[in-house]
Amino acid sequence: DIRYSVKELCQRMASPTSTDWHRLKKLCRYLRGRPQVVQRRSRVEDDAIVVYVDSDWAGCKETRRSTSGGALFAYGMCVKVWSTTQGVAARNSGEAELYAANKGMTEALGLQQMCKDVGVDLKVVTRTDSDACRGTCRRVGLGRLKHLEVEDLWAQQVVRSGRIALERVDGVVNPADLMTKYLPRNEIDQQDRKSTRLNS
């Protein structure tokens, strides 16, 4: 729940402003009201690594770069989360979501290979709330997205080959949404309750 805030604060560490100090104090006040972390086990999928991905589009007001957010689950437990600023400015929300999906698929395949090294074979399922991203991953070739680099379309190959299953998830219960933008505390709590009901 604080991953995005920490990412934004870390980017300002070299030359913080008074606004950054205000944001840091606000984060500390939030943590003061959350003295412990409780991780709940969601619906168990023993044979799959499930990665939730999301992105905002042009969220940074200075660079207009987007943020990729993700949450990686295995055996019903969250094993990794991330919030990273994308390296290029996406021209539309579908492109930003594709970059976020690429990041999530890469992380999931890395965990899958590590599990294989110890004799555990798990499939990979990627869940996103973006119809544009799923459409791009399921088509063949660039289509009208000629401005995209070919290397960014490797997701099409892994989805088509069956190495990764691509599924839709509603945005209100997508845990990766927490890693892409500031959310009020009541919305964080509401999303947590909805996600628990969905996965139980």
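Conventions used here
Residues numbered from 1 in each chain as written. Predicted model: local features only at pLDDT ≥ 70, side-chain atom pairs only at ≥ 80, totals over all residues. Heavy atoms only, no water. Pairing = 2+ DSSP bridges. Helix = DSSP H or I, 4+ residues; strand = E, 2+ residues; numbered from the N terminus. Axes fitted to C-alpha atoms, helices over the stretch in contact; angles between N-to-C directions. Contact = heavy atoms within 4.5 Å. Buried < 20%, exposed > 50% of the residue type's maximum accessible area, 1.4 Å probe, protein only.

Asker: When you look at the sheet that holds strand 5 (residues 164-168) in this model, what are you seeing that I'm missing?
Answerer: Strand pairing in a sheet takes place through backbone hydrogen bonds and is either antiparallel or parallel in direction. With mixed pairing, 5 strands are arranged side by side in an open sheet as 3-2-1-4-5. Either end of the sheet is taken by a strand with one partner, and the two such strands are strand 3 (77-85) and strand 5. Taken over all neighbouring pairs, the strand axes of this sheet differ in orientation by 20 degrees on average, direction set aside. Judged from the 8 bridges that link them, strand 2 (residues 67-74) and strand 3 form a sheet pairing that is antiparallel. Note on strand 3: the bridge partner recorded for Leu72 is Lys80. Each of strand 1 (48-55), strand 2, strand 3, strand 4 (123-128) and strand 5 is contacted by helix 3 (residues 93-117), which is oriented at about 155 degrees to strand 1, the strand it contacts most.

Asker: Is there a simple way to explain unusual backbone geometry in this structure?
Answerer: When glycine is set aside, most residues are seen to have a negative phi, and most peptide bonds are trans. Phi at Arg64 is positive, roughly 60 degrees, even though this residue is not glycine. The partly exposed category is assigned to Arg64, whose relative accessible area is 44%. The backbone of Tyr75 shows a phi angle near 55 degrees, a positive value even though the residue is not glycine. By the secondary structure assignment, Tyr75 is in the loop between strand 2 and strand 3. Judged by relative accessible area, which is 36%, Tyr75 ranks as partly exposed.

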